[in-house]
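# Observations on chain architecture
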Amino acid sequence: MLQQTQVATVIPYYNKWMAKFPTIRDLAASDIETVNSLWKGLGYYSRAARLLSGAQKAVKELHGRLPDNAKDMEAEIPGVGRYSAGAICSIAYNQCVPVLDGNVHRLLSRFTALHAQPKSKRTLDILWAGAESFIEQSKRPGDINQALIELGSTVCTVRDPVCSDCPLRLWCKGYQKTQPNASHPSAVDADIEDLCLVCDPMPSDEDDGSVTIYPMKTARKKPREELDSVNVIEWRSINNGDRWFLLVRRPQGGLLAGLHEFPTVPNLTGAKASSSDMAKVPYRLLQELLMHPPHSLHSEKEPSKKPTNSNPSYHVPKITHVTPAGDVVHVFSHIKKTYRVQWVLLEGEGDEPPQLRPAVSPDQGARENGNCVKNPKGKQRPSKRSEVSEAEVNPIPQTLSVQWVPLTQVEDTNIGTGVLKVWKLVEKLWTITR
Ligand code: SF4
């Protein structure tokens, strides 16, 4: 929870999480829908999904106990890398294994005056070895690891390190090299940089006489840019005015794992990003998602009043408006997404939204979570849920579960921050078009 997120933000999430999942077995017995609802707003949802699958694996295959050594934990538990394994095993099992998070990386880069590519294997090997040297003889490796993390985050900070308060100052090479008056028996006369086979030369404009020259600065990789067509598809009953919205659940792995979103066609380029093509997208989507899709986007014909075989009282709906709503920009760590949003109004007779295509390829997660949603009048009814498999022409890339959600419940569904922004953008249109 604390990855890229401040402690004050995390505390209420952590308390709710622990109240719901006091043991690993409670977590393992849960599902992605519940887990995401507790994580909603924290971002980086794949972490929540991995916590769930890690707990499930531990319960199913390891009698509900995490391995008691870092090597097995890293190898066997999804979502646990070297850092997490080191932290858990040193703190919980008193195992002499190091940790290297961003704080310790910075601290040790300064402590050793290491000016080298911060993410290169060679640099990381050196820093992991440095972290190990702090705990290898220790009786309290967990405490030492926590102390290093804490020292990095509170004293050896990114911009304003407080070297005068630092207990490592006397042995710190970075401090000695940048403070002319610093001295200690361990200080060396030779310029370490000249002797070092690992460090890159220090550019003169970077050397401002501060320890913040370590770790080496690298140009930040620009996130790649992608344009997605996001379609807020509403079905409105001609009979009673009830309003339902189509939501698709994302796969359980990867970006925004298991969250719901409006039907989206990702990464459009060239002609597909033109406004004329965008207007055709909802039509294509509905062909894939509905049992009886509308005939044509701009059809002059009335929708068929002919009842279908599967539902004798059902009438094919018609798209009556496709209204561009504008763009929402949402930046993930590695992708800058522009969501080009349009509101698609589908109207039809009857009290129920159009039937979704039947399951072609089951999504176990969706099945297990076949919970109820309230209809607009507040009564419980089973959600309209279906699974759609990847078809050749399907713009939706993977097997996904789809459902109609009443207007009043869209915001309560597990949607991410970007989707919430999309929703707010479309809501503004209604006040204009009403
Ligand atoms: S002396 Fe300064 S640079 Fe060195 S570890 Fe301490 S705070 Fe960081």
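Residues numbered from 1 in each chain as written. Predicted model: local features only at pLDDT ≥ 70, side-chain atom pairs only at ≥ 80, totals over all residues. Heavy atoms only, no water.

## Re the packing of helix H3 (residues 32–39) against helix H4 (residues 45–61)
One can describe the packing of H3 onto H4 by two numbers: an axis separation of 10 Å at closest approach and a directional angle of 135 degrees. Put simply, H3 runs oblique to H4. When the axes of H3 and H4 are compared, the crossing they make is right-handed. Of the residues in H4, those touching H3 at Ile-32, Val-35, Asn-36 and Trp-39 are Tyr-45, Arg-47, Ala-48, Ala-49, Leu-51 and Leu-52. A class-by-class count of the residues in the contact of H3 with H4 yields eight nonpolar, one polar and one charged. (Axes fitted to C-alpha atoms, helices over the stretch in contact; angles between N-to-C directions. Helix = DSSP H or I, 4+ residues; strand = E, 2+ residues; numbered from the N terminus. Parallel < 35°, antiparallel > 145°, perpendicular 65-115°, else oblique. Left-handed = near helix turned anticlockwise from the far one by under 90°. Contact = heavy atoms within 4.5 Å. Nonpolar A, V, L, I, M, F, W, Y, C, P; charged D, E, K, R; others polar.)

## Observations regarding the pattern of salt bridges
Tallied over the entire structure, the rule returns 14 salt bridges. When the shortest N-O distance is used, the salt bridge between Arg-243 and Glu-234 registers 2.5 Å. We classify Arg-243 as buried; its relative accessible area is 12%. Taking relative accessible area as the criterion, Glu-234 reaches 0% and is therefore assigned buried. A salt bridge links Lys-424 to Glu-427, with the shortest nitrogen-to-oxygen separation between them at 3.7 Å. Residue Lys-424 and its partner Glu-427 are both found in helix H14 (residues 417–433); the two are separated by three residues, about one turn of the helix. Under the relative-accessibility criterion, Glu-427 is labelled partly exposed at 25%. Overlapping salt bridges bring together Arg-224, Glu-226, Asp-228 and Lys-337 as one network. (Salt bridge = Lys/Arg side-chain N within 4 Å of Asp/Glu carboxyl O. Buried < 20%, exposed > 50% of the residue type's maximum accessible area, 1.4 Å probe, protein only.)

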